[in-house]
Amino acid sequence: MYFIDVQGTLISDSDKSPIRGSIEFIDMLNEKKIPYMIITNSTKKASSEFYNFLKSIGFNFEFSSYLDPLMMLESRVAKESVAAYGADEFLDVLKKMGYVLNYTDPKTVLISIKENFTHDEYAQIIDFLLGGASLVGMHETSIYAKGSKRYPGVGAILKMLEFATSCSYEVVGKPSVSFYKEALRMLQKQKSDAKFSDVTIISDDVKGDLGGAKKMGMKTIFVTSGKYKSADEIVPFLKPELRPDCISADMQEILDKTSLESR
């Protein structure tokens, strides 16, 4: 059974095209009736819209096998009085979901990702937090990769704000316990007795996605097709207990290994 990340794992960070072997891996799981969940931290498109995009480029899976942070947001963050920070597309999605954006005296500061955060935005966020607003991250990614550049991820920004204000934070998407529990609950509709120890999670975010998953007893596969150019950039610097169980170049390599093991 699998939890499978999307950006940098199934699709390219640079042009959103399918990564080598990714469509074929999902097809193999479907053919062999192996339970899986597609779990993404995508927040720039409405959930159904991003799902339809993945379908349009060749991925064959049901919406019941898909989970993103927007699908959990309403149960975690009240819709009134939110100061949200992220890409314009994310802010548009929030408005369509009925969230009331407030940059005067918000109850919640909500952080998603974009490549051009400004010092003035950080100053405003700090004032809100010191004034009593709660801090919530849409996810806790370590690095945000876009094109050939890599930026601090939402997790890095949350850590910075926590250090600056001593304000703790909550996370909606990966690698929060609540997100993974919801993914497991949905997986159990495919196999009722599924447990975290039965799940192998595949992701390019070894510090964020995989670190949190490993703490919950999942097996982990780190792919170097996304945020990192090689495992040597990050794995040697992780605590031994958080290092991935397996490292692969991309989904094609995992598919090839899986095919060999099944012979």
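Structure's up top.
None of these values were measured; they are calculated from a predicted model. (Residues numbered from 1 in each chain as written. Predicted model: local features only at pLDDT ≥ 70, side-chain atom pairs only at ≥ 80, totals over all residues. Heavy atoms only, no water.)

Peer 1: Mind showing me how you'd approach the overall build of the protein chain here?
Peer 2: Secondary structure summary: the protein chain contains nine helices and twelve strands in total. Radius of gyration (C-alpha) of the protein chain: 18 Å, near the 18 Å computed for a compact globule of 263 residues. Viewed in the frame of its principal axes, the protein chain has a C-alpha envelope of about 60 × 40 × 35 Å. With 263 residues in all, the protein chain has 54% of them scored as buried. Long-range contacts, defined here as pairs at least 24 residues apart, represent 66% of the contacts in the protein chain between residues at least 6 apart. Accessible area for the protein chain stands at about 12100 Å²; split by element, carbon and sulfur atoms hold 52% of it. Positive and negative charge centroids in the protein chain, built from 33 and 36 side chains respectively, lie 3 Å apart. (Helix = DSSP H or I, 4+ residues; strand = E, 2+ residues; numbered from the N terminus. Rg over C-alpha atoms; globule rule 2.2 N^0.38 Å. Buried < 20%, exposed > 50% of the residue type's maximum accessible area, 1.4 Å probe, protein only. Contact = heavy atoms within 4.5 Å. Areas by Shrake-Rupley, 256 points an atom, 1.4 Å probe, with all protein chains shown as cover. Lys, Arg positive; Asp, Glu negative; His and termini not counted. Charge placed at Lys NZ, Arg CZ, Asp CG, Glu CD.)

Peer 1: Is there a simple way to think about the sheet that holds strand E4 (residues 82–85) in this case?
Peer 2: Sheets are built from strands that pair by backbone hydrogen bonding, the pairs being arranged parallel or antiparallel. The sheet built from four strands is open, its strands ordered E4-E5-E6-E9 with parallel pairing. Strands with a single pairing partner mark the edges of an open sheet, and in this sheet they are E4 and strand E9 (169–171). Across the sheet, the axes of successive neighbouring strands diverge by a mean angle of 20 degrees, strand direction being ignored. Bridge analysis of strand E6 (residues 134–137) against E9 gives three bridges, and the strand direction is parallel. Residue pairing for E9: Val136 is matched across the bridge by Glu170. Contacting E4, strand E5 (108–111) and E6, helix H5 (residues 119–130) crosses the sheet at an angle of about 150 degrees to E4. (Pairing = 2+ DSSP bridges. Axes fitted to C-alpha atoms, helices over the stretch in contact; angles between N-to-C directions.)

Peer 1: Before we go on, may I ask you to explain the sheet that holds strand E10 (residues 200–203) in this structure?
Peer 2: Within the open sheet, the six strands sit side by side as E3-E2-E1-E10-E11-E12. Their pairing is parallel. Every other strand in the sheet has two partners, leaving strand E3 (66–67) and strand E12 (246–248) as the edge strands with one partner each. As judged from the three bridges shared by strand E1 (residues 2–4) and E10, these two strands associate in the parallel manner. The residue of E10 that forms the bridge with Ile4 is Ile202. Running over the sheet, helix H7 (residues 177–187) touches E1, strand E2 (36–39), E3 and E10 and is turned about 145 degrees from E2.

Peer 1: Teacher, can you tell me more about the nonpolar core here?
Peer 2: Nonpolar side chains in soluble globular proteins tend to end up buried together. By size, the foremost hydrophobic cluster in this structure holds 43 residues, and its most contacted members are Phe3, Ile39, Leu73, Leu110, Tyr180 and Met218. Listing elements by their share of this core, those giving two or more residues are E2, helix H3 (70–76), E4, helix H4 (88–96), H7 and helix H8 (209–215). A total of six residues in this core trace back to one element, the largest contributor, which is H7. Ignoring anything within four residues of it in the chain, the contact list for Phe3 reads Met37, Ile39, Tyr180, Ala183, Leu184, Leu187, Phe196, Val199, Thr200, Ile201, Ile202 and Met218. Core analysis: the second largest hydrophobic core is formed by 24 residues, Ile26, Phe59, Tyr66 and Ile254 among them. (Core = buried A, V, L, I, M, F, W, Y, C linked by side-chain atoms within 4.5 Å.)

Peer 1: Help me out: how do you make sense of H4 in this one?
Peer 2: Since there are 3.6 residues in each turn of an α-helix, residues three or four apart along the chain are aligned in direction. All of the buried residues along H4 are Phe90, Leu91, Val93 and Leu94. Within H4, the buried residues cover an arc of 155 degrees as seen down the axis, which keeps them to one side. Set apart from the buried face of H4 by more than 90 degrees, the exposed residues are Asp88, Lys95 and Lys96. The inward-facing, buried residues of H4 abut H3, E4 and E5. Following H4 by one or two positions, Gly98 has its phi on the positive side, about 95 degrees. (Arc of directions from axis to C-beta.)

Peer 1: When you look at a positive patch on the surface in this model, what are you seeing that I'm missing?
Peer 2: There is a patch of like positive charges on the surface, built from Lys159, Lys207, Lys215 and Lys239. With respect to the secondary-structure elements, Lys159 resides in helix H6 (residues 154–165). (Patch = residues over 30% accessible without salt bridge, like charges linked within 9 Å, V, L, I, M, F, W, Y side chains within 5 Å. Salt bridge = Lys/Arg side-chain N within 4 Å of Asp/Glu carboxyl O.)

Peer 1: Quick question: what am I supposed to make of the packing of aromatic side chains here?
Peer 2: To describe a pair of aromatic rings, you give the distance between the ring centres and the angle between the ring planes. With the rule as written, the count across this model stands at 13 aromatic pairs. Aromatic pair Tyr51 and Phe61: ring centres 5.3 Å apart, planes at 80 degrees, arrangement edge-to-face. Linking Tyr51 in helix H2 (residues 47–56) with Phe61 in the loop between H2 and E3, this pair joins segments that are ten residues apart in sequence. Here Tyr51 matches Phe61 in class, with each residue buried. Joined through ring pairs, the aromatic side chains of Tyr51, Phe61, Phe63 and Tyr66 make up one cluster. Taking the ring centre of Phe117 as reference, the NZ or CZ of Lys114 above it sits at 5.3 Å. (Phe/Tyr/Trp six-rings, centres within 6.5 Å; stacked < 30°, edge-to-face > 60°. Lys NZ or Arg CZ within 6 Å of the ring centre and 35° of its normal.)

Just geometry here; none of it tells us what the structure is for.
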